[in-house]
Structure formats: structure tokens, C-alpha cells
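Structural description and commentary
Here is what each chain is made of, one letter per residue.
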Amino acid sequence: MYTCVSLIADAVAALPVDVVRTVGKVREPVPGPAWLSQPNPFDTAFDFWHKVMTSLLTDGNAIIRVSSGGDAMVSPRTRLGLSQAVWRLG
């Protein structure tokens, strides 16, 4: 099972991410947010998305703590296990 999960997570984590905007009928590339290339100080983008996919495939869910920086840009910081999650309503 681990080999199958790893194979799928490898494939998804390695996919390129392009950010585009549509102006009229023309799609033009725009710079993506910084967290797409460096989600946190500890993981590369590949490693981070691999962990997220592994969690999705094994647990059926992935929980990511999201913090906003001083420039109000939202960025994922840490993948949390389901046992570490704190649920807040409202």
C-alpha cells in the first residue's frame, strides 16, 4: 500500500503549478504567490505537497495550519495530523 500511496503522491507533488489570469479571452501568466514555491521554511514545495497527498490518501483528509503574514498573504506553514487539529466554529 505504501508504494502505491508514494507513487501517487510523487506524481501529484511533481506537477507544475501555473498561475494565470484571464483578460477578455486571453490567458496571461502572472507571478504566483510565494508559498507555491516555498510553503514553509522546513520543506520544499515537493516535500510539502507530498506530505499533504500522503495524508489525503491514507487518512482521507489533510489539515494544514494557515498563517497570514504582515502583508496579509495567506501561506500554509505546517501539515498537522488529525490528532493535532483544533476545530473552531464561527
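The rules behind the values
Numbering of residues starts from 1 in every chain and runs along the sequence as written. In keeping with the predicted nature of the model, local features appear solely for residues at pLDDT of at least 70, side-chain atom pairs appear and are counted solely at 80 or more, and the whole-chain, interface and lining totals rest on all residues. To get the side-chain values, all heavy atoms of the structure are used, and hydrogens and water are removed first. Numbering goes from the N terminus for both helices and strands, where a helix is a DSSP run of H or I of at least four residues and a strand is a run of E of at least two. Contact definition: two residues touch when any of their heavy atoms are within 4.5 Å. Patch criteria: residues need more than 30% relative accessible area and no salt bridge. Like-charged residues are merged within 9 Å; nonpolar side chains of Val, Leu, Ile, Met, Phe, Trp and Tyr are merged within 5 Å. To measure how exposed things are, a 1.4 Å probe is used in the Shrake-Rupley method; for residues, cover is taken only from the protein chains shown. A pair is scored as a salt bridge if a Lys or Arg side-chain nitrogen falls within 4 Å of a carboxyl oxygen belonging to Asp or Glu. Put simply, two rings from Phe, Tyr or Trp (the six-membered ring, in Trp's case) pair if the centres are within 6.5 Å, and we call them stacked under 30 degrees between planes, edge-to-face over 60, tilted for the rest. A 1.4 Å probe rolled over the protein chains alone gives each residue an accessible area, and that area as a share of the maximum for its type sets the label: buried under 20%, exposed over 50%, partly exposed in between. Confidence of the predictor at the level of single residues is given by pLDDT, which spans 0 to 100. Within this scheme a cavity is a closed region of a 1 Å grid, computed over the protein atoms alone, that accommodates a 1.4 Å probe without allowing it to escape, whereas a pocket is open but has protein on both sides within 12 Å along at least five of seven lines; lining residues each have an atom within 4 Å of a point. Grid points are joined across faces, edges and corners, and a volume is the space filled by probe spheres set on the points. The classification used treats Ala, Val, Leu, Ile, Met, Phe, Trp, Tyr, Cys and Pro as nonpolar, Asp, Glu, Lys and Arg as charged, and all other residues, Gly among them, as polar.

Section: the environment of H50
One can find H50 in helix α3 (residues 45–59). Through-space distance from the C-alpha of H50 to that of V12 is 7.4 Å; in sequence the pair is 38 residues apart. With residues up to four places along the chain from it excluded, the contact list for H50 reads S6, A9, D10 and A13.

Some details on a nonpolar patch on the surface
A surface patch of nonpolar side chains, amounting to about 400 Å² of accessible area, comprises I8, V12, L15, L56 and L57. Of all the elements in the fold, those that place two or more residues in the nonpolar patch are α1 (2–13) and α3. Within the secondary structure, L15 sits in the loop between α1 and β1 (20–23).

Concerning the packing of aromatic side chains
Enumeration according to the criterion identifies 1 aromatic pair in this entry. When the ring of F48 is compared with that of W49, the centres are 4.9 Å apart and the planes differ by 85°; the resulting orientation is edge-to-face. Look at F48 and you get buried, because its relative accessible area is 1%. A residue is classified by how much of its surface remains accessible, and W49, at 24% relative accessible area, is partly exposed.

What to know about the confidence of the model for the chain
Chain-level statistics for the chain give a pLDDT mean of 78 and a share of 72% at 70 or above. Taken element by element, the predicted model of the chain shows its lowest mean pLDDT in strand β4 (residues 74–80) (49) and its highest in α1 (94). Note that residues 71–78 has pLDDT below 50 and, in this model, 27 contacts with residues that lie over four places away or in other chains.

Regarding the layout of surface pockets
Approximately 200 Å³ is the volume attributed to the largest pocket. In terms of lining residues, the largest pocket is bounded by V12, A13, L15, P16, V17, L36, A45, W49, V52, M53 and L56. Elements with a contribution of two residues or more to the lining of the largest pocket: α1 and α3. With 5 residues, α3 is the largest single contributor of residues to the lining of the largest pocket. When the residues that make up the lining of the largest pocket are grouped by side-chain class, the tally is 11 nonpolar, no polar and no charged.

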